[in-house]
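Examination of the molecular architecture
Now for the letters of each chain:
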Amino acid sequence: MTDTWFNETLYADWGQRFRFVRQLARVKSAFQDIGVFETDSHGRMLTLDGVVQITERDEFVYQEMLTHVPLLAHGAAKNVLIIGAGDGGVLRHVLMHKCVERAVMAEIDGEVIRLSKEFLPGIGGDAWNDPRAEVIVGDGIDYVKKAPDASFDVIIVDSTDPIGVGEVLFTDEFYKHAARILTPSGLIVNQCGVPFMQADELYETSVRRKQFFPHVTAYIAAVPTYVGGYMTLGWAGKDARLTQHPVEVIAARAMAAGIAGEYWSPHVHVASFWLPPYIAKHLPR
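Cut-offs applied
- Residues numbered from 1 in each chain as written.
- Predicted model: local features only at pLDDT ≥ 70, side-chain atom pairs only at ≥ 80, totals over all residues.
- Heavy atoms only, no water.
- Helix = DSSP H or I, 4+ residues; strand = E, 2+ residues; numbered from the N terminus.
- Rg over C-alpha atoms; globule rule 2.2 N^0.38 Å.
- Buried < 20%, exposed > 50% of the residue type's maximum accessible area, 1.4 Å probe, protein only.
- Contact = heavy atoms within 4.5 Å.
- Lys, Arg positive; Asp, Glu negative; His and termini not counted.
- Charge placed at Lys NZ, Arg CZ, Asp CG, Glu CD.
- Pairing = 2+ DSSP bridges.
- Axes fitted to C-alpha atoms, helices over the stretch in contact; angles between N-to-C directions.
- Salt bridge = Lys/Arg side-chain N within 4 Å of Asp/Glu carboxyl O.
- Core = buried A, V, L, I, M, F, W, Y, C linked by side-chain atoms within 4.5 Å.

It is worth spelling out the overall build of the protein at this point. Across its full length, the protein carries 10 helices and 12 strands. For the protein, whose C-alpha radius of gyration is 18 Å, the value lies close to the compact-globule estimate of 19 Å for 285 residues. Dimensions of the protein, computed from C-alpha atoms along their principal axes, come out at roughly 60 × 45 × 35 Å. Burial analysis of the protein (285 residues in total) assigns 59% to the buried set. Contacts in the protein between residues far apart in sequence, at least 24 positions, make up 68% of those at least 6 positions apart. Seen as two clouds, the 26 positive and the 35 negative side-chain charges of the protein have centres 4 Å apart.

Okay, structure coming up:
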């Protein structure tokens with residue numbers, strides 16, 4: 001039998017491939033090409049425009065770091081806005097936090113949600129039906145523009161890279177409104193790519209955020225299927241102290257919230273803000 005391979009198209013001169021057992025779905029939505037594949041090595045895998053977004057085997061790394069770090073650093077987030085994240089994983093992890101009273105998720109592509117519910121049900125789990133969740137199929141940019149001042153404590157952006165449908169999530173206008181709708185101790189996090197290959201993405205996004213937030217930095221996570229080493233998760237906040245909590249504070253908050261991770265831990269949380277020099281040099285001074 002001939003092997004069937006999915007070849008990722010993120011970079012023109014470097015890539016990875018996955019042998020898949022079968023293609024479960026392939027949909028051309030109004031926004032992007034969506035694929036769901038069954039693999040032996042990584043379980044089920046979701047791709048957008050030829051780029052791996054998530055696999056069942058290592059999704060916990062990205063989801064835990066994108067949610068538990070900002071929420072435990074904040075410590076008392078009641079209202080959380082999620083932009084993108086149509087697979088439901090961020091929503092599920094946000095709702096693990098008992099302090100969260102409302103989680104609004106705005107995903108522009110309803111087909112991502114539909115396919116994730118059908119083929120990747122374990123990633124979103126029961127979050128779709130949680131009474132604290134408000135799932136909107138619509139433009140997150142428009143939602144942020146119209147949201148009231150100081151209406152959210154934390155914004156989590158889980159988007160593709162700043163090309164195509166994800167490009168508008170990296171603009172000055174978006175960050176201006178994000179700062180406006182955040183509370184005085186509010187913060188926003190978003191993926192900023194793998195700096196070994198995408199250093200410009202980290203730098204340019206950080207410079208944009210710096211115009212509207214007094215504290216801009218990044219933290220790291222090692223996600224196996226995001227090739228190139230550490231991925232950076234960009235952080236922009238109004239209170240620099242939120243990234244300076246000692247391990248003991250984070251551990252106490254996690255215990256009170258009932259949070260434990262497979263990748264995330266209080267020590268990993270604190271250490272993730274200590275950036276290797278090759279990454280740190282791309283942050284604005």
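Turning our attention to helix 6 (residues 172-181). Residues three or four positions apart in an α-helix share a direction because the helix packs 3.6 residues into each turn. Listed as buried for helix 6 are Phe 174, Tyr 175, His 177, Ala 178, Ala 179 and Ile 181. Buried residues in helix 6 make contact with strand 6 (79-84), helix 5 (140-146), strand 9 (152-158), strand 10 (182-191) and helix 7 (195-210).

Right, let's get into the sheet that holds strand 2 (residues 17-28). Ordered in space as 1-2-3-4-5, the five strands form an open sheet in which the pairing is antiparallel. Only two strands of the sheet have a single neighbouring strand rather than two, namely strand 1 (5-7) and strand 5 (51-55). Taken pair by pair, the neighbouring strands of this sheet meet at an average axis angle of 40°, ignoring direction. Taken together, the three bridges between strand 1 and strand 2 define a ladder with antiparallel strand orientation. Across the sheet, Phe 6 pairs through a bridge with Phe 18, a residue of strand 2.

Let us now look at the pattern of salt bridges. All told, the structure shown has 12 salt bridges when counted by the stated rule. Note that Asp 33 and Arg 26 form a salt bridge whose closest N and O atoms lie 2.8 Å from each other. Glu 59 is the partner of Arg 92 in a salt bridge, and the nearest nitrogen-oxygen pair spans 3.8 Å. You can see Arg 92 sitting in helix 2 (residues 89-94) and its partner Glu 59 sitting in helix 1 (residues 59-74), a full 33 residues away along the chain. Taking the relative accessible area as the measure of exposure, Glu 59 reaches 12% and is therefore buried. Three or more residues joined by partner-sharing salt bridges are found here, namely Arg 22, Glu 38 and Arg 44.

Time to look at the nonpolar core. Inside soluble globular proteins, nonpolar side chains tend to come together where they are buried. In terms of nonpolar packing, the biggest core is built from 46 residues, with Val 80, Leu 91, Val 94 and Trp 235 touching the most fellow members. Considering every element that reaches this core, the biggest residue donor is helix 1, with eight residues. Discounting residues that sit within four places of it in the chain, Val 94 has contacts with Thr 67, Leu 71, Val 80, Ile 82, Val 100, Ala 103 and Ile 156. Within the second largest apolar cluster, 19 residues are counted, among which are Ile 83, Ile 141, Tyr 175 and Ile 181.

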